[in-house]
Amino acid sequence: MLRRLHAKGFKSLVDLEIEFPLLTVLFGPNASGKSNIIEAAQTISRCGTARTLSDAFDQSIRGYPLEAFSFGPDGLAGHLRRGAVEMELDAVVGAQGDDYRYRVCVQAEPGTGDLATKDEYLARLTRQGDPWGRPVIERVENRLRIRRKSKPAHPREEPTGGNHTMLSDLRLAGPEYAAIERCRREFEEWRVYYLDPRVAMRAARPPAGVRDIGALGEDIAPFLHRLRSDEPKRYAAVSRTLRSIIPSVDAVNVDLDERRATLDIQIIQDGCSYSSRVISEGTLRVLALCSICTNPWASGLVAFEEPENGVHPRRLELIAQMLVSLSLSQGRQVIVTTHSPLFCDAVLRLTRDRREAVGLYAVRRDREGTKVTPFAEELGTLFVDTGLADGLTSPAEDGLFQEMLLRGWLDE
Ligand SMILES: Nc1ncnc2c1ncn2[C@@H]1O[C@H](COP(=O)(O)OP(=O)(O)O)[C@@H](O)[C@H]1O
Ligand SMILES: [Mg+2]
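What counts, and at which threshold
Residues numbered from 1 in each chain as written. Chains lettered and ligands numbered in written order. Predicted model: local features only at pLDDT ≥ 70, side-chain atom pairs only at ≥ 80, totals over all residues. Heavy atoms only, no water. Domains from an automatic or database assignment. Contact = heavy atoms within 4.5 Å. Polar contact = N/O pair within 3.5 Å; in protein donor to acceptor, adjacent residues only side chain to side chain. Phe/Tyr/Trp six-rings, centres within 6.5 Å; stacked < 30°, edge-to-face > 60°. Helix = DSSP H or I, 4+ residues; strand = E, 2+ residues; numbered from the N terminus. Lys NZ or Arg CZ within 6 Å of the ring centre and 35° of its normal. Expected span 1.5 Å × (residues − 1). Buried < 20%, exposed > 50% of the residue type's maximum accessible area, 1.4 Å probe, protein only. Near = heavy atom within 4 Å. Areas by Shrake-Rupley, 256 points an atom, 1.4 Å probe, with all protein chains shown as cover. Nonpolar A, V, L, I, M, F, W, Y, C, P; charged D, E, K, R; others polar. Pairing = 2+ DSSP bridges. Axes fitted to C-alpha atoms, helices over the stretch in contact; angles between N-to-C directions. Disulfide = S-S within 2.5 Å.

Asker: Outline the domain arrangement of the protein chain, supporting the account with residue identities and numerical values.
Answerer: Split by domain assignment, the protein chain resolves into domain 1 (1-190 + 300-412) and domain 2 (197-296). Centre-to-centre, using C-alpha coordinates, domain 1 lies 28 Å away from domain 2. Each side of the interface is counted separately: domain 1 has 23 residues, and domain 2 has 16 residues. Remark: the boundary between domain 1 and domain 2 carries three residue pairs in polar contact (both at pLDDT 80 or more).

Asker: Please give an account of the packing of aromatic side chains that cites residues and values.
Answerer: Within the structure shown, the criterion is met by four aromatic pairs. With a centroid separation of 6.1 Å and 15 degrees between ring planes, the pair formed by F57 and F69 is classed as stacked. Taken together, the residues F57 in the loop between α2 (53-56) and α3 (75-81) and F69 in the loop between α2 and α3 connect sequence positions twelve residues apart. Between R124 and the ring centre of W132, over which it is positioned, the NZ or CZ distance is 4.1 Å.

Asker: Describe helix α1 (residues 34-47), listing the residues and the values that go with them.
Answerer: In a regular helix each residue adds 1.5 Å, so 14 residues correspond to 20 Å; α1 covers 20 Å between its end C-alpha atoms and thus fits that length. Of all the 14 residues making up α1, 13 are buried; the element is thus mostly covered by neighbouring parts of the structure.

Asker: An account of the site of ligand 1 is needed here, citing residue identities and associated values.
Answerer: Looking at ligand 1, there are 16 residues lining it, with A31, S35, N36, E67 and R365 nearest. Contacts to ligand 1 include S32, whose backbone N or O atom sits 3.2 Å from an oxygen atom. Within the backbone of F69, one N or O atom sits 3.0 Å away from a nitrogen atom of ligand 1. If ligand 1 stood free it would expose 580 Å²; the protein chains cover 77% of that surface. Taken together, the residues of the shell around ligand 1 break down into four nonpolar, seven polar and five charged.

Asker: Which residues make up helix α4 (residues 178-188), and what values go with them?
Answerer: Those residues of α4 not exposed but buried are A179, I180, E181, C183, R184, E186 and F187. Buried residues along α4 sit in contact with α1, β4 (85-95), β5 (98-109), β6 (114-125), β7 (137-140) and β8 (143-146).

Asker: Let's hear about the sheet that holds strand β3 (residues 23-27): which residues, and what values?
Answerer: The six strands are arranged β10-β14-β15-β3-β16-β17 in an open sheet whose pairing can be described as mixed. Each having just a single partner strand, β10 (191-193) and β17 (369-374) make up the two edges of the open sheet. The sheet shows a mean angle of 20 degrees between the axes of neighbouring strands, taken without regard to direction. The sheet contact formed by strand β16 (residues 358-366) and β17 spans six bridges and is antiparallel. Within the sheet, the bridge partner assigned to R365 lies in β17 and is T370.

Asker: So what about the state of the cysteines? Which residues, and what values?
Answerer: Per the stated rule, a full pass over the model turns up zero disulfides. We note that C290 lacks a disulfide partner, and the nearest cysteine sulfur, in C293, lies 7.0 Å from it.

Right, here's the structure in full:
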């Protein structure tokens, strides 16, 4: 679980500290930095898990690696004129019952494109949030000290400036490096989705042993195929949930084309069958969301963008219910970005008795970078047109999702 993140020098997050409870909603206008917040979380997890920093800053982060470092007033050209640029990502992470503080400072050399770990720190925290004993990883002058559990007074030393972090170094494993391994495992479980219903989600794929739909949604067909064979009740729940959000859908099928050995999703809509090549983008997105929320094999943080996309405003409440249930009932940490006041309003209403578990932030950007302000319920309801919300909620749908949960349709 990501409890807190302090980013300095990451894109528009010039200096931003933000707390993440079980459910975080980032609300704000375009280009305010919502996606950058998710990317910063993804970047620290990738720095702690990818084989090299170059891998950590590859295509999964938008732009060139150098563009991930906050620009000054002179933009990318200014970076190129400098000898080196830096960012620091500092997080409190909960892993297997303990909290850890992990910080990494990455330096880029604009001339060569080289990325290097300038500083790294890992410590287990006490309940009060102080380091518990000596740090597991810390920098002392130009070296990184890595402490083994049994011989803390005789740390291993590595030079700073490498193209990978110590946390991601697979040689540091086993009981001697238990804290490092736990944090690395925690980061490995985080999932950030950038659903691509235009291309990736439409492509036919061969059956595969996947346990997730893939970051772009590209493995949705093999995922559903596997879900149907291994967890048929969960598969049925995906289909039912999709139907509740898009009532014209009768069923979802995953067919194996025996000649091509590929899988294709079929949606039965008004009695007719449609392949993933022609299903609407909105339907594919909702199907992906239902798959993520029903995945029995995943447990870590999940982040994605604008769950309202492709959903009729009248069904937004159901999407909000699905995410509230994923986080507050199933205990999976969720971070979403949104443009929709109706979605925020639905989240606020649905979580009235669990306020401490929900962070609803207004994200904005000024000359100094991205800022977030938590907003209170009063403020939340103020800007929502309740007349509009009422008009969009038909009595027939009220509690439909609740009903499904109560009847255990969404359980295993
Ligand atoms: N390296 C950078 N330095 C400063 N600002 C950046 C950098 N890279 C991107 N940005 C800013 O971040 C904005 C995009 O932020 P994003 O998180 O995608 O916004 P949204 O809130 O729409 O998700 C860009 O329009 C740009 O202003
Ligand atoms: Mg965005």
